[in-house]
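# Structural features, examined
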Amino acid sequence: MTTSTHLPSVREAVQEPMPLDEVDLADLDNFTDGVTPWRMFHTLRHQDPVHWQPEEAPNSGFWAVTRHADIARVDRDAETFTSTRFVNLEEVDEDQIKKRASILELDGVRHRALRGVIQRQFGASVINSYTDFLRGLTATTLDTALAKGTFDFVADVSADFPINVLARLLDVQPEDNQRLIDWGNRIIGNTDPDYADVLLNSADSEQYRHLPFRSPASLEVFEYGRELARQRRGGGGTDLVSKLVNTTPKDGVPLSPQDFDNYFLLLVVAGNETTRHTITHSMLALLQHPEQLARLQEDPSLIPVATEEFLRWASPVYHFRRTATRDVELGGKQVKEGDKVVMWYASGNRDEEVFGNPHDFDVARADNDHVTFGKGSPHLCLGNLLARTEIRIMFEELIPRIAGIRLVGDVPRVRSNFVNGIKKLPVEVTLA
């Protein structure tokens, strides 16, 4: 097995502690080298696990929650730590909330009702029925990529596969895949100059303050979704768009046009970005740990267990935010009503109190209580079973096909403290 391991080792990097006064989770440039975030999280977990992080205006700072147990406490308690003030770091006014709130920014009865509209489509019976389709789709993706010998794993595998799955769920033509990928990049990558039409919190972004992520790409997604809604309304389809436009939520309140827009946009973004980045990080981890790849080649029955380690290791979403609804003690700190409280899931996934040797990548890791999809939260990722299934099938199909794989170029990261993304992963493969 030939691999390249020229990228820095996180396990080695955290051995050199970062001084607490150098930690800055608000500085996006700290999230572009693949190492600095983990050094910051390591320092915070050990020295200040509920840490006040200042921010530049117009934001006012936040509490960074970095230990697994504290993250779980915040995630479970929606009454004390609400999502209704938004779940990213941007601070929004009532007018923005009114126009931009999606299911992510709701709690209680309405949140459960909107979740319920498509919850069954992500349940075990439906997802398990997709297995043959997913294997066929994976084979098609891998046939095309591996035939090239040298290729960008992101573009040809980890972005291509989930977007084809999303196209199936939305019942749209594969010809639209590249548009869906580009929209996700432009919206989620709103702090990266390579992706964003307008950078978040730039002067130019103010004109888009009522759009999700302040991204003008949202307007294109809205237009696309509205046309699909027009076509599916009143029909008997079982795709996600048909369910959204033809189902009345259990609370009896129909989706407004704005509800539909924001729900559809969330599906486009969430249905692509996180699975894509998990697959990419997983492949990179196998490149950097050839002995772990060899274990999976020798014993493919480990792949379902390895999938949980892939999810822990990748931590594709660094954080989600809540807002305190009352004064509360958390981790020995006094959190005030209205304070932003940010759960750093990526840090929780490296908590030494929960994971033995957390900076070791171990495809046979048992009792993998990661928080990648949330922890005991009413907002637990709706698509978690689909993501797990996609990732498992991808590596069940990929690993037997390759005799050797090595890195042949740089691995640029998305400039973001929200999504833990990799832009390119250039590899060269030798087929089995």
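The residue numbering used here restarts from 1 in each chain and proceeds along that chain's sequence as written. Note on the predicted model: pLDDT of at least 70 is required for a residue's local features to be given, and 80 or more for side-chain atom pairs to be given and counted; whole-chain, interface and lining totals, by contrast, use all residues. Note: side-chain values were computed over all heavy atoms of the structure, leaving out hydrogens and water.

Bringing the pattern of salt bridges into the picture now. For side chains of opposite charge, pairing can occur when their charged atoms come near one another. Within this document, salt bridges are pairs made up of a side-chain nitrogen of Lys or Arg and a carboxyl oxygen of Asp or Glu, the two lying within 4 Å of each other. Summed over the entire model, instances satisfying the criterion amount to 37 salt bridges. Its salt-bridge partner being Arg 322, residue Asp 75 comes within 3.3 Å of it at the nearest N-O pair. Linking Asp 75 in helix α3 (residues 68-76) with Arg 322 in strand β5 (residues 320-324), this pair joins segments that are 247 residues apart in sequence. For Arg 322, a relative accessible area of 4% corresponds to the buried category. A salt bridge links Arg 209 to Asp 93, with the shortest nitrogen-to-oxygen separation between them at 2.7 Å. Taken as a pair, Arg 209 in the loop between α10 (177-188) and α11 (217-232) and Asp 93 in the loop between β3 (81-82) and α4 (94-100) lie far apart in primary sequence, 116 residues in all. Strands are runs of DSSP state E lasting at least 2 residues, helices are runs of H or I lasting at least 4, and numbering of each runs from the N terminus. Partly exposed residues are those whose accessible area sits between 20% and 50% of the maximum for their type, while under 20% is buried and over 50% is exposed, using a 1.4 Å probe and protein chains only.

This part is about the side chain of Thr 36. When you line up the elements, Thr 36 lands in helix α2 (residues 36-47). Other than its neighbours up to four places away in sequence, Thr 36 contacts Met 18 and Asn 30. Here, two residues are considered to be in contact whenever any of their heavy atoms come within 4.5 Å of each other.

Let's shift gears to the confidence of the model for the chain. Note: pLDDT gives the predictor's confidence per residue, expressed from 0 to 100. Averaged over the chain, the pLDDT score is 94; the fraction of residues at 70 or greater is 98%. A low-confidence stretch, residues 1-5 stays under pLDDT 50, and its non-local contacts, those more than four residues away or across chains, total 20 contacts.

A few words on the packing of helix α16 (residues 303-314) against helix α18 (residues 384-398). Running from N to C, α16 and α18 cross one another at 120°; their axes reach a closest spacing of 9 Å. Considering the angle they form, α16 stands oblique to α18. Once α16 is placed against α18, the crossing between them reads as right-handed. Residues Ile 303, Pro 304, Thr 307, Glu 308, Phe 310 and Leu 311 of α16 form the contact with α18, whose own contacting residues are Arg 388, Ile 391, Arg 392, Phe 395 and Glu 396. Here the axes come from fitting lines to C-alpha atoms, over the contacting stretch only for helices, and the angles between their N-to-C directions go from 0 to 180 degrees. In what follows, roughly perpendicular refers to angles from 65 to 115 degrees, roughly parallel to angles under 35, roughly antiparallel to angles over 145, and oblique to any angle outside these ranges. By convention, the crossing between two helices is left-handed when the near helix turns anticlockwise from the far helix through less than a right angle, and right-handed when the turn is clockwise.

For the rest of this paragraph, the subject is unusual backbone geometry. In this structure, Pro 58 follows Ala 57 across a cis peptide bond, with omega equal to 15°. For Pro 58, the position within the fold is in the loop between β1 (50-53) and β2 (62-65). Of note in this structure, Ser 315 is not a glycine but carries a positive phi near 40°. The topology assignment puts Ser 315 in the loop between α16 and β5. Look at Ser 315 and you get buried, because its relative accessible area is 1%. The phi angle at Asp 367 is positive, at roughly 50°, despite the residue not being glycine. Tracing the sequence through the fold places Asp 367 in the loop between α17 (345-348) and α18.

Moving on to the packing of helix α14 (residues 273-288) against α18. It is at 10 Å that the axes of α14 and α18 come closest, and there the two elements cross at 40°. Our pair here, α14 against α18, has a crossing hand that is right-handed. Across the interface between the two elements, Thr 275, Thr 278, Ile 279, Ser 282, Met 283 and Leu 286 of α14 pack against Ala 387, Glu 390, Ile 391, Met 394, Phe 395 and Leu 398 of α18. The residue inventory of the contact of α14 with α18, partitioned by class, reads 8 nonpolar, 3 polar and 1 charged. Three classes are used, and their members are as follows: Ala, Val, Leu, Ile, Met, Phe, Trp, Tyr, Cys and Pro are nonpolar, Asp, Glu, Lys and Arg are charged, and the others, Gly among them, are polar.

Below, the discussion takes up the nonpolar core. Core analysis: the biggest nonpolar cluster contains 109 residues, and Leu 286, Phe 395 and Leu 425 have the highest contact counts within it. Dropping the residues within four chain positions of it, Leu 425 is found in contact with Phe 151, Asp 152, Phe 153, Val 154, Thr 280, Met 283, Leu 284, Leu 287, Leu 407 and Val 411. Put simply, buried Ala, Val, Leu, Ile, Met, Phe, Trp, Tyr and Cys residues joined by side-chain atoms within 4.5 Å make one nonpolar core.

Glancing now at the sheet that holds strand β4 (residues 150-152). For two strands to count as paired, DSSP must find a minimum of two bridges between them. Pairing in this open sheet of 3 strands is antiparallel, and the strands run β4-β10-β9 from one edge to the other. The open sheet has two edge strands with one neighbour each: β4 and β9 (402-407). Along the sheet, successive strands turn relative to each other by an average axial angle of 30°, direction set aside. In terms of strand pairing, β4 meets strand β10 (residues 426-431) through 3 bridges, oriented antiparallel. Looking at the pairing, Phe 151 lines up with Val 427 of β10.

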